Amino acid sequence: MRIHLTSAFVDDQEKALRFYTEVLGFVKKHDLPLGEDRWLTVVSAENPDGTELLLEPSRHPVVAAYKTGLAEDGIPALSFAVDDVHAEFERLRGLGVQFTQEPLEMGQVTTAVLDDTCGNLIQIVHSE
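Residues numbered from 1 in each chain as written. Predicted model: local features only at pLDDT ≥ 70, side-chain atom pairs only at ≥ 80, totals over all residues. Heavy atoms only, no water.

The name given to the protein chain in an unreviewed UniProt entry is VOC family protein, with Streptomyces pratens as the source organism.

Here's what the structure looks like:
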């Protein structure tokens, strides 16, 4: 069994697509009309056949409370592995990305947390 698809609830699919592709470096995999919205997924450029991230509209009534609760408590909705948290932090900060947690080393794990501009906090992580 493998993880095939996971979701990120986003406030604006087009804005999310720009952020996740142009800033984070993911690649668009699917973009299909689906009523008022789209079935819009991105994948890692390093693994185009890997797990897809669905940029899912956050219109459902419970989503607002979920996203607000996570953000207010500083809890990332997603976690992405990177080769070097410090280098990725500097790259993203240079692109204007706002971080809620600068790189933090915790033994063999280093993390940082950023705002995806679409209502989510994202943790980047590297473990040795």
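**Student:** Teacher, can you tell me more about empty space enclosed by the protein here?
**Tutor:** Summary: where empty space remains is shown by rolling a probe the size of a single water molecule over the atoms. Per the stated rule, a full pass over the model turns up one cavity of 30 Å³ or more. The volume enclosed by the largest cavity comes to roughly 40 Å³. Lining the largest cavity are K67, L70, A71, I75, A77, G119, N120 and L121. Of the residues that constitute the lining of the largest cavity, the class distribution is five nonpolar, two polar and one charged. (1 Å grid on protein atoms, 1.4 Å probe; cavity = no way out; pocket = protein on both sides within 12 Å on 5 of 7 lines; lining within 4 Å. Points joined across faces, edges and corners; volume = space filled by probe spheres on them. Nonpolar A, V, L, I, M, F, W, Y, C, P; charged D, E, K, R; others polar.)

**Student:** Would you mind going over the layout of surface pockets with me for this structure?
**Tutor:** Estimates place the volume of the largest pocket at around 660 Å³. The wall of the largest pocket is formed by 26 residues, among which F26, S44, E46, F80 and A81 lie closest to the centre. Mapped onto the lining of the largest pocket, the elements with two or more residues apiece are β3 (37–43), β4 (52–57), β5 (78–81), α3 (85–94) and β8 (121–127). Ranked by the residues each element gives to the lining of the largest pocket, the list is headed by β5, at four residues. Looking at the lining of the largest pocket residue by residue, the class counts come to 14 nonpolar, eight polar and four charged. (Helix = DSSP H or I, 4+ residues; strand = E, 2+ residues; numbered from the N terminus.)

**Student:** Would you mind showing me how to read the UniProt feature "domain: VOC" (unreviewed entry) in the protein chain here?
**Tutor:** In the UniProt entry, the feature "domain: VOC" (unreviewed entry) is given for residues 2–127. When the span residues 2–127 is considered, its composition is 26% helix and 42% strand, and the gap between its end C-alpha atoms is 21 Å. (UniProt positions renumbered as here; feature names shortened; annotations may be inferred.)

**Student:** Teacher, can you tell me more about the pattern of salt bridges here?
**Tutor:** Close approach of charged atoms allows side chains with opposite charge to pair. Here the structure, examined in full by the defined rule, presents nine salt bridges. The salt bridge involving D11 is made with K67; its shortest N-O contact spans 2.6 Å. Of this pair, D11 sits in the loop between β1 (5–10) and α1 (13–23) while K67 is found in helix α2 (residues 61–72), placing the two residues 56 residues apart along the sequence. A salt bridge links D49 to K29, with the shortest nitrogen-to-oxygen separation between them at 3.8 Å. One end of the pair, D49, is in the loop between β3 and β4; the other, K29, is in strand β2 (residues 27–34), with 20 residues separating them in the sequence. Three or more residues joined by partner-sharing salt bridges are found here, namely E14, K28, D31 and R38. (Salt bridge = Lys/Arg side-chain N within 4 Å of Asp/Glu carboxyl O.)

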